[in-house]
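Structural overview for review
Here's the letter readout for the chains.
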Amino acid sequence: MKKKPNIGIIDTGTSNLRSVDYALKEYNVNVLHISSYEDFSNNIDGIIVPGIGSYPVVMKKMRDKGLAEIVLNQISTNKPSMFICVGMQILFSKSHEFGETKGLDIFKGEVKKIVTYPKKIVPVIGWNKVLLKKKCPLLNDNSNFCYYFTHSYFVKTEEENIISTTAKYGSLEYCSSISHKNIFAFQFHPEKSGKDGLKIYKNFINLI
Amino acid sequence: MFKRIISRLDVKNGILVKGINLEGLRNLGDPNYFAKKYYDDLIDEIHFQDVVASLYNRNALTKIIEKNSKSIFVNVSVGGGIRSIKDADELLRIGVDKITINTAGVENPNFLRELVKIYGSSTISVNIETIKLSDNYEVMIEAGREKTGLNLYHWVEELQQIGIGEIIITKINDEGKNKGFDINFYKSLRNKIDVPLIAHGGAGSKENILELFKETNIDGVSISSIFHYKYMVKDNNSNTIGTNYFLKSYDEKSTSGIFIKDLKKYLANNKIKIRI
């Protein structure tokens with residue numbers, strides 16, 4: 001019998017950790033919460049960095065608690081990692097939210113405030129369609145490609161090969177998800193996107 | 001982006017209630033029952049409002065939210081009695097996604113600044129309850145019971161400077177009367193609000209809601225009565241829901257209210273961008 005996968009959720013201090021927890025528990029997995037470097041163990045099969053929180057606050061926690069190190073170690077293995085909302089944004093070089101803050105710099109790019117012409121409502125809160133740019137194993141059985149977003153900042157990257165979907169908001173078309181080797185990241189919240197969102201968690205677990 | 005249909009559940013001592021002009025509360029049943037039904041019928045968001053915000057009530061609400069989070073995978077906002085970072089943190093930790101503030105924000109705008117700085121704009125919304133007094137709109141606090149002397153339009157401007165991510169506005173004069181929204185009121189607000197704007201209070205029919213979306217370019221509507229009455233079931237077990245005269249006398253054949261899927265289909269057929 002296949003062993004029950006162990007999924008570690010990185011506790012950034014401000015996230016909606018519990019919602020991610022419950023989404024995972026729809027499937028047959030063990031869920032562990034990781035608040036510091038000491039909480040990590042090698043039998044964790046996949047990690048998730050949840051969303052919610054401002055960029056500087058989340059990055060400070062990631063560095064102070066050794067959580068950044070866990071993420072960097074984990075992606076250097078062949079185990080899958082998933083990043084949500086601000087969790088995706090911290091993978092990039094830097095952000096302009098409340099001044100300039102350095103990110104994990106795994107991908108080249110900047111996190112910038114959403115600006116559209118003509119001016120549209122910001123933050124972006126609600127459901128939006130995404131446009132498929134390349135295949136992502138976590139999105140392969142989704143039917144509507146409609147997910148729940150809540151953000152004021154977006155990722156601007158030159159690394160177009162990592163983008164699996166974009167989303168359109170007024171004049172702006174931006175990166176709404178990433179699929180690159182064992183790294184899967186979403187600007188939207190799969191745990192808040194109904195049944196199609198849950199499928200993303202199921203597919204993530206199936207990669208283990 | 002799709003327009004949002006939000007269901008608002010007013011909770012008192014663990015029971016779903018509904019009033020008129022934010023007063024005269026009726027017991028309607030178990031909030032979790034309604035929330036699950038709404039989720040299954042494609043509600044876009046759920047908003048729980050703690051209407052008394054006493055310690056006893058907060059514990060009851062915590063249990064409801066914890067149960068809710070286990071089976072409902074849409075965005076959940078909670079408002080009512082949130083006065084400290086600790087209050088916000090506790091709610092976010094049990095599965096809440098968005099914090100809604102009214103009284104504590106009016107009393108101390110710095111509290112709002114602090115919340116925005118920690119959690120980011122899109123996690124913090126402000127729920128404004130306002131009442132029309134002669135030609136002025138005044139902001140009310142404590143679930144619409146207390147005046148503040150604060151002008152609605154000044155408050156709306158300040159909230160945007162603070163960086164609040166979303167503004168929900170209830171016009172108390174229309175709340176719970178099911179007679180439709182004050183279109184000109186929301187139109188004038190839309191021109192002054194560059195963050196998401198949600199209308200609450202007054203939805204009586206699908207036509208009211210269509211008119212609101214057509215005329216005002218609002219981002220979403222928060223609905224209680226007309227969903228609650230449609231999904232309500234007769235419950236004779238008074239032990240589970242306390243004093244429930246209204247529920248016991250409720251006529252199941254009553255045709256008031258609308259199913260979420262029917263409302264959404266109607267709006268989509270009338271060219272409103274709605275997730276169906």
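Whatever comes next refers back to the structure up there.
These notes cover the structure that comes with them. In this convention, every chain numbers its residues from 1, walking through the sequence in written order. Each chain gets a letter, beginning with A, and each ligand a number, beginning with 1, in the order they are written. It should be noted that, the model being predicted, local features are given only for residues of pLDDT at least 70 and side-chain atom pairs only at 80 or more, the latter also being counted only at that level, while totals for whole chains, interfaces and linings use all residues.

1. Describing the pairing of strand β8 (residues 136-141) of chain B
Residues and elements named next belong to chain B. Selection rule: Any two strands are treated as partners once DSSP identifies two or more bridges connecting them. Secondary structure elements follow DSSP: runs of H or I of four or more residues count as helices, runs of E of two or more count as strands, with numbering from the N terminus.
Judged from the five bridges that link them, strand β7 (residues 124-133) and β8 form a sheet pairing that is antiparallel. Across the sheet, Glu 129 pairs through a bridge with Met 140, a residue of β8. Hairpin connection between β7 and β8: a loop of two residues separates the two successive antiparallel strands, and Ser 134 in this loop has a positive phi of roughly 45°. The loop that links β8 with its antiparallel partner strand β9 (residues 146-151) comprises four residues; one of these, Glu 142, has a positive phi angle of about 55°.

2. Description of the environment of Gln 160 of chain B
Residue and element names in this part refer to chain B. What counts here: Here a residue counts as buried when 20 or more other C-beta atoms sit within 10 Å of its C-beta, as exposed when there are 12 or fewer, and as partly exposed otherwise, the C-beta atoms being derived from the backbone. Contact between two residues is assigned whenever their backbone-derived C-beta positions fall within 7 Å.
Mapping Gln 160 onto the fold places it in helix α6 (residues 152-162). Gln 160 gets classed as partly exposed once you count the C-beta atoms within 10 Å, which come to 15. Along the sequence, Gln 160 and Asp 194 sit 34 residues apart, while their C-alpha atoms lie 7.8 Å from each other. Ignoring sequence-local partners within four residues, the contact set of Gln 160 consists of Ile 193, Asp 194 and Val 195.

3. Considering the interface of chain B and chain A
Rule in force here: By the convention adopted, Pro, Cys, Tyr, Trp, Phe, Met, Ile, Leu, Val and Ala count as nonpolar, Lys, Arg, Asp and Glu as charged, and the other residues, Gly among them, as polar.
Contact with chain B, which involves 28 residues of that partner, is made by 31 residues of chain A. Put simply, the parts of the chain that give the side of chain B that touches chain A at least two residues each are α2 (55-71), α3 (85-93) and α5 (109-119) of chain B. A total of three residues in the side of chain B that touches chain A trace back to one element, the largest contributor, which is α5 of chain B. Looking at the side of chain B that touches chain A residue by residue, the class counts come to 10 nonpolar, eight polar and 10 charged.

4. A look at the sheet that holds strand β4 (residues 81-84) of chain A
All names here are of chain A. An order of β2-β1-β3-β4-β14-β13-β12-β9 is seen for the eight strands of this open sheet, with the pairing classed as mixed. The sheet is open, and its two borders are formed by β2 (30-34) and β9 (131-132), each paired with just one other strand. Of the pairings in the sheet, the one linking strand β13 (residues 172-180) to strand β14 (residues 183-186) comprises four bridges and is antiparallel in character. Considered in β14, the bridge of Ile 178 is made with Ala 185.

5. Focus: the sheet that holds strand β5 (residues 92-95) of chain A
Residue and element names in this part refer to chain A. Sheet architecture is open: four strands sit in the order β6-β5-β7-β11, paired in mixed fashion. On the outer flanks of this sheet lie β6 (101-102) and β11 (153-157), each paired with one strand and no other. Two elements, β5 and strand β7 (residues 107-113), share three bridges in a ladder whose sense is parallel. Its bridge partner being in β7, Phe 92 is matched across the sheet by Phe 107.

6. Topic: the nonpolar core
Cut-off, in case you're wondering: For this entry, the nonpolar core is defined as buried Ala, Val, Leu, Ile, Met, Phe, Trp, Tyr and Cys residues connected by C-beta atoms within 7 Å.
In this structure, Met 88 of chain A together with Ile 46, Phe 48, Ile 99, Ile 167 and Val 221 of chain B are the most contacted members of the largest nonpolar core, which totals 133 residues. The element that contributes the greatest number of residues to this core is helix α2 (residues 55-64) of chain A, accounting for five residues. Those residues in contact with Met 88 of chain A that sit more than four places away from it in its chain are Phe 83, Val 155, Ile 178, Ala 185, Phe 186 and Gln 187 of chain A.

7. Some remarks on the packing of helix α7 (residues 183-190) of chain B against helix α8 (residues 206-216) of chain B
All names here are of chain B. Selection criterion: To get an axis, fit a line to the C-alpha atoms, keeping to the stretch in contact for a helix; angles then go from 0 to 180 degrees between the N-to-C directions. By convention, the crossing between two helices is left-handed when the near helix turns anticlockwise from the far helix through less than a right angle, and right-handed when the turn is clockwise.
Between α7 and α8, whose axes approach to 10 Å, the crossing angle comes to 35°. The crossing of α7 and α8 is right-handed. Along its contact with α7, which presents Ile 183, Tyr 186, Lys 187 and Arg 190, the element α8 presents Glu 211, Leu 212, Glu 215 and Thr 216. Residues belonging to the contact of α7 with α8 are distributed by class as follows: three nonpolar, one polar and four charged.

8. Considerations on the pairing of β9 of chain B
Pairing geometry for β8 of chain B and β9 of chain B, over three bridges, is antiparallel. Residue pairing for β9 of chain B: Ile 141 of chain B is matched across the bridge by Glu 146 of chain B.

In short, geometric facts, not functional conclusions.
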